[in-house]
Amino acid sequence: MPRTYLVTGAASGIGAAATALLRERGHAVLTADLEGGDITADLSAPAGRAALAARARELTGGRLDAVVACAGVARFDPVTIRVNHFGAVATLEGLRPLLAAGTHPRALVVGSVDAVHPTDPEILAAADADDEAAAVTAAQAAADRGEGHLVYSSSKAAVSRWVRRAAPEPAWAGAGIPLNAVAPGVVLTPLTRPLLDDPATRALVERAVPMPLHGHSRPEQLAPLIAWLTSPENTLVTGQVVFADGGADAVLRGDRTW
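Definitions and cut-offs
Residues numbered from 1 in each chain as written. Predicted model: local features only at pLDDT ≥ 70, side-chain atom pairs only at ≥ 80, totals over all residues. Heavy atoms only, no water. Salt bridge = Lys/Arg side-chain N within 4 Å of Asp/Glu carboxyl O. Helix = DSSP H or I, 4+ residues; strand = E, 2+ residues; numbered from the N terminus. Buried < 20%, exposed > 50% of the residue type's maximum accessible area, 1.4 Å probe, protein only. Contact = heavy atoms within 4.5 Å. Phe/Tyr/Trp six-rings, centres within 6.5 Å; stacked < 30°, edge-to-face > 60°.

Enquirer: Looking at this model, I keep getting lost on the pattern of salt bridges. Mind explaining?
Expert: Oppositely charged side chains can form a pair if their charged atoms are brought close together. Inspection of the entire model under this criterion finds 13 salt bridges. Here Arg165 makes a salt bridge to Asp128, at a shortest N to O gap of 3.2 Å. In this pair, Arg165 sits in helix α6 (residues 149-166) while Asp128 sits in helix α4 (residues 121-128), placing the two residues 37 residues apart along the sequence. Relative accessible area serves as the criterion here: at 37%, Arg165 is assigned to the partly exposed category. Note that Arg145 is salt-bridged to Glu147, the shortest N-O span being 2.5 Å. Since its relative accessible area comes to 29%, Glu147 is described here as partly exposed. Because the salt bridges share partners, they merge into one network encompassing Arg49, Arg82 and Glu132.

Enquirer: How should I be thinking about the environment of Ala127 in this particular structure?
Expert: Positionally, Ala127 belongs in helix α4. Of the residues examined, Ala127 reaches a relative accessible area of 3% and is grouped as buried. Taking the C-alpha atoms as reference, Ala127 lies 24 Å from Gly174; in sequence the two are 47 residues apart. If sequence neighbours within four positions are ignored, Ala127 has contacts with His85, Phe86, Ala135 and Ala158.

Enquirer: Explain the packing of aromatic side chains to me, please; I cannot follow it from the model alone.
Expert: We describe a pair of aromatic rings using the distance from one ring centre to the other and the angle between the two ring planes. Here the structure, examined in full by the defined rule, presents one aromatic pair. With 6.3 Å between their ring centres and 90° between their planes, Trp162 and Trp172 make a pair best called edge-to-face. With Trp162 in helix α6 and Trp172 in the loop between α6 and β6 (179-184), this pair connects stretches of sequence that are ten residues apart. Accessibility assignment for this pair places Trp162 and Trp172 in one class, buried.

This is the structure in structure tokens:
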């Protein structure tokens, strides 16, 4: 049966691939991005997040069957925690009432295997407390001391932790809405290609994210997993961070669990 989806970050990368597959399968997909989508919204700011929810309500008549929060950035500065954590959480929370009115509602956020890399405890504590101002201050402090890379890993760890906390709650599981995260490894997108084109940087990336199964992935390889997790077929999987990373998490953490 055709479903109505909303995908953020749909202009490129994983968001574009998920959108293409869902439409190929006959679903209606509303797209949101900084430009060029059905909805234009800047998720780094509260006003943009509110605009996304308001416009989605207008365009859908107040109901959605699934939300895929793909929008993300990988800059070594505070905008990364704003978009990757606070923007993603606001997207899912803001659209939850529309999901509650949908059929077999499902929700998903795209995380990253970087969530298992070293993080900044101050950024994480602020994100866990839903204190965006404190998280931005901590992210800027990390950047100022030359540890801007921790902002990205912290943003992905924070949103993964939020999924784990929120998914079993009455607003999600209690309302029959599975909520999950997909954690890719290195995906060949416009964001990563400059890093991989440089031999020295590529070597660093491959040491940080070893992918023994087939190497670096294409966005199209993530799309079927996203489609299944947000489909009516998924009746039990919730609160999970599903690593679709070619084995990187298993290499990096061995037999430790999340």
